[in-house]
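So the chains spell out like this:
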Amino acid sequence: PSGVEWRPQKEPAKTERRPEKDADDDYIIDYLVAHAPAEDEQTWLIRVRLAGLSRSEDTWEPVDALPVKMVENFIRRKKLQPGTLSRRPGEQHLSQ
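For every chain, the first residue of the written sequence is number 1, and numbering continues from 1 along that sequence. Reporting of local features is limited, given that this is a predicted model, to residues whose pLDDT is at least 70; pairs of side-chain atoms are given and counted only at 80 or more, and all residues count toward the totals for whole chains, interfaces and linings. Working from all heavy atoms in the structure, the side-chain values ignore hydrogens and water.

Caption draft 1: Inspection of the overall build of the protein chain at higher detail. Counting secondary structure elements, the protein chain contains one helix and four strands. Secondary structure elements are taken from DSSP: a helix is a run of H or I of four residues or more, a strand is a run of E of two residues or more, and numbering for both begins at the N terminus. Tracing the protein chain from N to C terminus, the helices and strands come up as β-β-β-β-α. The contact criterion used is simple: two residues touch if any of their non-hydrogen atoms lie within 4.5 Å. Contacts spanning at least 24 positions in sequence make up 41% of the contacts within the protein chain whose residues lie at least 6 apart. Under the convention used here, a 1.4 Å probe and the Shrake-Rupley method define accessible areas, while residue burial counts only the protein chains that appear. Of the roughly 7,000 Å² of accessible surface on the protein chain, a fraction of 49% belongs to carbon and sulfur atoms.

Have a look at this one:
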């Protein structure tokens, strides 16, 4: 969704699942779950878990629409090669 913002949570999500929204009525990103090529195979999508929502309510968002720091942390956590999500899906990484 547009207007998605990331704010790290200090405690685990509560059992009662209600969407958390910030003051502007935007959803807050809990964390990034997975990545996959978009249907056009020109860009990457990242599966986003929103704070207070269940797994079944995850959304797929274009990598460019997400906070850079959050994407960098996702790349490190998933142990992807740097630059993976900045290339087109299927494009080979050029080694030096």
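Caption draft 2: Summary view of the pattern of salt bridges. Each reported salt bridge corresponds to a side-chain nitrogen of Lys or Arg within 4 Å of a carboxyl oxygen of Asp or Glu. With the rule as written, the count across this model stands at two salt bridges. Across the salt bridge formed by Asp58 and Arg47, the nearest N and O atoms sit 2.7 Å from each other. With Asp58 in the loop between β3 (44–50) and β4 (59–62) and Arg47 in strand β3, this pair connects stretches of sequence that are eleven residues apart. With a relative accessible area of 14%, Asp58 lands in the buried category. A simple rule labels every residue: compare its accessible area, found with a 1.4 Å probe on the protein chains alone, to the largest value its type can have, and call it buried under 20%, exposed over 50%, or partly exposed in between. Judged by its relative accessible area of 23%, Arg47 falls in the partly exposed class. One salt bridge connects Asp58 with Arg49, and the closest N-O pair in it is separated by 2.5 Å. Among the charged side chains, a network of salt bridges with common partners joins Arg47, Arg49 and Asp58.

Caption draft 3: The pairing of strand β2 (residues 28–37), seen in detail. A pair of strands is considered paired only if DSSP assigns at least 2 bridges between the two. Across seven bridges, β2 lies against β3 in antiparallel orientation. When the bridges of β3 are listed, Ala36 appears paired with Leu45. Hairpin connection, β2 to β3: the antiparallel pair is bridged by six residues, and Glu41 has positive phi, about 55°.

Caption draft 4: Expanded view of the side chain of Thr84. By the element assignment, Thr84 lies in the segment after α1 (68–77). Classification of Thr84 by relative accessible area gives buried; the value is 13%. A distance of 2.5 Å separates a polar atom in the side chain of Thr84 from the backbone oxygen of Gln81. Pairs of N or O atoms within 3.5 Å make up the polar contacts considered here, provided that, within protein, one atom can donate a hydrogen while the other can accept it, and that residues adjacent in sequence are counted only when both atoms are side-chain atoms.

Caption draft 5: Region of interest: α1. Restricting attention to buried positions, one finds in α1 the residues Met70, Val71, Phe74 and Ile75. Buried residues of α1, seen end-on, are gathered within an arc of 140° and therefore sit on one face of the element. α1 presents Val68, Lys69 and Arg76 as exposed residues on the side facing more than 90 degrees away from its buried surface. Lys79 lies just past α1 and shows a positive phi near 55°. Working definition: the arc comes from the directions between the helix axis and the C-beta atoms, pointing outward to the latter.

Caption draft 6: Here's a closer look at unusual backbone geometry. In the Ramachandran plot, Glu41 falls in the positive-phi region, its phi being about 55° despite a non-glycine side chain. Checked against the element boundaries, Glu41 lands in the loop between β2 and β3. Notably, Lys79 is not glycine yet its phi reads approximately 55°, a positive angle. Within the secondary structure, Lys79 sits in the segment after α1.

Purely geometric numbers; function is a separate question.
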